[in-house]
Structures are given as C-alpha cells and as structure tokens.
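Now for the letters of each chain:
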Amino acid sequence: MKKTIFSFLLAMMSVAGINAQSQIFDVNGIYFRLMQDTISDTGGLMAVVTTKGNTKYYNGDVSIPSTVSYNGVEYPVKAISDVAFRGCKQITSINIPASVIKVPAGAFYGCSSLTTVTVSSDNPVYDSRENCNAVIETATNTLIAGCKNFVLPSSVSVIGDCALWGSNIASLVIPPDVTIGNWAFMDCTGLLSLTISEGVTSIGDGAFLGCTNIKALDVPYGNYMAGNNIFGGCYNIETLNWNRPTVPSNIISASKSTIRSVVLGDSVRKIMDMAFDGCSQLKSIVIKSKNINYIGYSSFYGCDSLEYVYWNSRDTLYLLSQITRNVFASLKKLELGSSATVTS
C-alpha cells in the first residue's frame, strides 16, 4: 500500500513539474515559460522569454529582467526563445541582462522598427561592443542577432546564421576576413546598397535570399566558399560583376529576375549547373576568364533575351561542346577570343 501511495505521489510530482514547466506567465508585460536548465551547470528550472501564443505581442522598449517570481519562487532568466520577438514590428529597443546566456539565431527576425540592442557589460557569454546594436558571442566574435542600426565592429569575424534575418538595414559593407553564415541577411527587403570586400572568408547558402531591392552587385576576387542560392529572390538585381573562382548554382533567382548584364571576371574557373537558368531578361554576358574548366548543365538555359556573349576562351572546341548541353540554348550572337573589345 505504501509503495502504491509513493508511486502515486511521484507521478503527481512529475505531472506538477510538467505543468509548471509548460505554464506561460506574465511579469510586467513580458511573458516567460519555465523550462529545465540545460544550458548551465546549476540545473533546476530557468525562465525563458517567450510570447503569448502566436501573437506579435511586444512593442516599444523591452527590458528583460534577470530574475522573475512565479508562485512565490524566484527563477533566473537565462534564455530567449526562438519565437519570442519574431515579427514584432513595433519593438524599438531591447535590453538583455547578464543572466541571459542563450540568444537564438534570428532572434529579432521581422523587428523592422528595432533600432537599439544592448547587452549588459556583465554578461559572461554575449556583448554589444562599441555600441554596435547587436548581440555578439564574446568568445567566438560571432554576430548572433542585430537590428537595422547595427554597426559591424572590426573585431567580429563571423556573421552567424540568420543574424540579420528580416532586419530593416539599408546599406551594408562586409569587410575582409569575415565569414557570412547561411541566410545571414535573408529577407532584408530594405537593403539598397551592398559591398562585399575582397578577402571575405565565405558566403553561406541563401545569405542574401529575398533581398529584393538590391539593384547592382559586385563580388570581387576571393578564394572563398560560396553557397547556393546566395542571391535567390533578389529579382531586382540588374547588373552582376562576379570575380571569384566558382559561380554557384541558382546564384540569381530566375523567378521575376530583371538581371540584364553579367560580367564574369578573370578569376572564374567554374560555372555550376543552372547558375543563371531562367533569367529571361538577361541580354549580355562577358566572360573575361581564359581558364574556364567547367560549365554546368543549363547554366544559361531559358535566357530568352540573351543577345550577346563574349568569351575570352582559349579552347573554342570545348566551348562549342558545352553549347550542345543547353548552356546557351537561346543565344543570338557569340563572340570568341581576345579580338573583341571587353567592357564592364
């Protein structure tokens, strides 16, 4: 009998623990959820900043406390949930205390009015050095999340995955020796000016996916990795100057693309499959490189407006063999060799 009662009490305690952890509660207009602490050595329960249902609840200035009280018990606030601030277009500032040691990638997605992000100087994991209006992981110099007023400190070496996702930045200069993560600037629809410096370490998949208002793009030389669909959905790009060894697949989104001119520089060696597939308004391509060693299938297939291609190629036979593989299926004029005038 005692064993049965003990088992029942254990079960009830477990249910109570589950209910406590699943309960969402409000403290001074900020919603929290209790969860098991798996991000530090202290164990027990911690409070995680969350939102009310699926609503875009927060607005104005948000200052996260370091502790909250629930049913008479004090809990440390240690994390921000993935969805806490997502899409909250009326937030203007966020202050993060020293207790918060987990900030998710893309934490401020869609916070288009957010102008100020501050991390407590006592925080052991993150900082907002040089008033950069961003959350930086101190140990790795990685930008985790920022807002439209962010300024990239020279000490930052990595712009993390989804770091500026959906922010309202208007201009951007990426300095040398920086790694750009996957989807780092995805859906930055206000981005008008983009400069990628020579010496950027790598550019991740979909890094500028959906940046619909970029019109001109210059990607300089660099022996760095470049992911796929980097500029997918950037359908207002009209001119592209690309001078790194590999032109990746689907570099420009074909859907709605207005790109009209492409210049591929001396450093280009490979044009991957379907690189410009379906760019129906593309009119001219200048390939300055003499050392192209691979052109993928359908690299320029469906470029129905393509009128002129200049290729400074050493190997005409190789070029002609590629044409049979749907590379220039709609081409009207092809010019080979160094006799032509090459302009960019």
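As shown above, the structure is provided for reference.
Residues numbered from 1 in each chain as written. Predicted model: local features only at pLDDT ≥ 70, side-chain atom pairs only at ≥ 80, totals over all residues. Heavy atoms only, no water.

Would you mind going over the packing of aromatic side chains in detail, with residue names and values included?
Given two aromatic rings, their pairing is described by the distance between the two centres and the angle made by the two planes. Going through the model one piece at a time under the given rule, you end up with 10 aromatic pairs. A ring pair is formed by Phe-276 and Phe-300, whose centres lie 5.1 Å apart and whose planes are at 10°; its orientation type is stacked. With Phe-276 in the loop between β22 (270–271) and β23 (284–287) and Phe-300 in the loop between β24 (294–295) and β25 (308–311), this residue pair connects regions lying 24 residues apart in the sequence. Overall, Phe-276 belongs to the buried group, its relative accessible area being 0%. The structure contains a cluster of three or more aromatic residues connected by ring pairs, namely Tyr-31, Tyr-57, Tyr-58, Phe-85 and Phe-108. (Phe/Tyr/Trp six-rings, centres within 6.5 Å; stacked < 30°, edge-to-face > 60°. Helix = DSSP H or I, 4+ residues; strand = E, 2+ residues; numbered from the N terminus. Buried < 20%, exposed > 50% of the residue type's maximum accessible area, 1.4 Å probe, protein only.)

With reference to specific residues and values, describe the pairing of strand β3 (residues 45–50).
Among the six residues that make up β3, five are buried, leaving the element largely enclosed by the rest of the structure. With six bridges joining them, strand β2 (residues 30–36) and β3 adopt antiparallel strand pairing. Pairing of Gln-36 across the sheet is with Leu-45, part of β3. Where β3 meets strand β6 (residues 73–80), three bridges bridge the pair, whose relative direction is parallel. Across the sheet, residue Val-48 finds its bridge partner in β6, namely Ala-79. (Pairing = 2+ DSSP bridges.)

I'd like to hear about unusual backbone geometry, residue by residue, with values.
Here the phi dihedral of Asn-71 falls at roughly 55°; this positive angle occurs in a residue that is not glycine. Relative to the elements of secondary structure, Asn-71 occurs in the loop between β5 (67–70) and β6. A residue is classified by how much of its surface remains accessible, and Asn-71, at 68% relative accessible area, is exposed. Unlike most non-glycine residues, Asp-187 shows phi in positive territory, near 65°. Within the fold, Asp-187 resides in the loop between β14 (179–180) and β15 (193–196). When its relative accessible area of 29% is taken as the criterion, Asp-187 is described as partly exposed.

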